[in-house]
Amino acid sequence: MSRNASSHQPNVCIYAVVDVSGSMQGSKIGSVCTTIKDMFNTWPDSVLFDLTLFNDKAEKIFTALKSKLQIHEIVRKIQDKCAYGGGTALYDAWGDMLTSIPDAVLASEETQIFILTDGEDNMSSRYTLNDVLELTKRRISSNAQFTLIDVGKSNIHLTNSINSVGKSQMQAMNVDNSASGIKTALQSVNSNILTSIRSTQLPKSNPIDNRKLTTPSAVTATIQSQHPLLSTVRKAPTTSVTPKLAHSSTNDATTSKKMTSLTANKTSHPTDSNVSYVLK
């Protein structure tokens, strides 16, 4: 898939789920805000950004193209939500986010999903650990990349479960329980996002470019097969003028034969260097 940055459809979809429970207050949520701001500024306007925050409850904050969003508003919402504190409804936020992604997006769009948490679930009422693991395995397609960031290594059993699935599109990482650990993890996620963005911006290759065409006739056959409206037109000859011959019937006859032979010879080689192609 390759889309223009001015298109109304996204070329990459980013789904983020961020823990804003009481344990994230202080330098950790500060690192989240600063790093997400840096990430946001590296994305083109055509990226779709979906953000879910959770503490006691999960709440989808927005789903919109970057061009419609203001980063200072995003930061303010994260800070305000975290100031409230509360518990950790990780599984509900995880499940809600995955089920909200349209099937068409997972089937055809480059999709990056990441979840960041610093604690074990203690508030979910609608999803269990097994529910979200099975849902993730079913929903993550070849176009998607899922990353769980475990801050403080409080969910070792969860990260091990994800990494043991054996699906390359699913990964989990354990990082230090600190602002620097969060920054490093989010920068790694953004590296994957930028790779997806670049992949959608690659130009389509010319099918002729990757073929080994070794003879003029092969080149001609390929061009004509791909462009049925093309016909061959001869360029003006670039050879020097033939010297004027003496006036005699014998010389005239000989010259006529030579010219006839030369014409026939040129006609029998439609792929010589004096051929160009124009539209009929």
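Calculation notes
Residues numbered from 1 in each chain as written. Predicted model: local features only at pLDDT ≥ 70, side-chain atom pairs only at ≥ 80, totals over all residues. Heavy atoms only, no water. Phe/Tyr/Trp six-rings, centres within 6.5 Å; stacked < 30°, edge-to-face > 60°. Helix = DSSP H or I, 4+ residues; strand = E, 2+ residues; numbered from the N terminus. Buried < 20%, exposed > 50% of the residue type's maximum accessible area, 1.4 Å probe, protein only. Lys NZ or Arg CZ within 6 Å of the ring centre and 35° of its normal. Salt bridge = Lys/Arg side-chain N within 4 Å of Asp/Glu carboxyl O. Polar contact = N/O pair within 3.5 Å; in protein donor to acceptor, adjacent residues only side chain to side chain. Pairing = 2+ DSSP bridges. Right-handed = clockwise from strand over helix to strand, strands pointing away. Arc of directions from axis to C-beta. Contact = heavy atoms within 4.5 Å. Disulfide = S-S within 2.5 Å.

A. Representation of the packing of aromatic side chains in the model. One pass over the structure, following the stated rule, counts four aromatic pairs. Here Phe49 and Phe62 contribute two aromatic rings whose centre-to-centre distance is 5.5 Å and whose plane-to-plane angle is 65°, an arrangement assigned as edge-to-face. Highlighted residues: Phe49 in strand β2 (residues 48-54) and Phe62 in strand β3 (residues 58-65), separated in sequence by 13 residues. There is no split in this pair, since Phe49 and Phe62 are both buried. Clustering of aromatic rings is evident, with ring pairs tying together Phe40, Trp43, Phe49 and Phe62. Just above the ring of Phe40 sits the side chain of Lys66; from NZ or CZ to the centre is 5.1 Å.

B. Local environment of the pattern of salt bridges. Within the structure shown, the criterion is met by nine salt bridges. Ionic pairing is found between Arg126 and Asp92, a salt bridge with its closest N-O pair at 3.9 Å. Of the two residues, Arg126 is situated in the loop between β4 (110-117) and α5 (129-139) and Asp92 in helix α3 (residues 90-100); the sequence distance between them amounts to 34 residues. Under the relative-accessibility criterion, Arg126 is labelled partly exposed at 47%. Two residues, Asp103 and Arg139, come together in a salt bridge whose shortest N-O distance is 2.3 Å. Highlighted residues: Asp103 in helix α4 (residues 103-108) and Arg139 in helix α5, separated in sequence by 36 residues. A single salt-bridge network, built from bridges that share partners, covers Glu73, Arg76 and Asp80.

C. How the structure looks around the side chain of Gln112. Mapped onto the fold, Gln112 is located in strand β4. Judged by its relative accessible area of 6%, Gln112 falls in the buried class. For Gln112, the side chain forms a polar contact with the side chain of Ser196, separated by 2.9 Å.

D. The arrangement of the pairing of β4 in detail. Judged by how many residues are buried, β4 sits mostly within the fold: seven of eight residues are covered. The pairing of strand β1 (residues 12-19) with β4 spans seven bridges and is classified as parallel. From the neighbouring strand, Val17 faces β4, where its bridge partner is Ile115. Assessed by its sense of winding, the connection that carries the chain from β4 through α5 to strand β5 (residues 144-151) is right-handed.

E. Region of the structure containing helix α6 (residues 156-163). Considered for burial, the residues of α6 that qualify are Leu158, Thr159 and Ile162. The buried residues of α6 occupy one face: seen down the axis, they fall within an arc of 95°. On its buried face, α6 is in contact with α3, α5, β5 and β6 (170-175).

F. Spatial organisation of the state of the cysteines. Counted under the stated rule, the structure contains zero disulfides. We note that Cys82 lacks a disulfide partner, and the nearest cysteine sulfur, in Cys33, lies 8.0 Å from it. Residue class for Cys82 comes out buried when judged on its relative accessible area of 1%.

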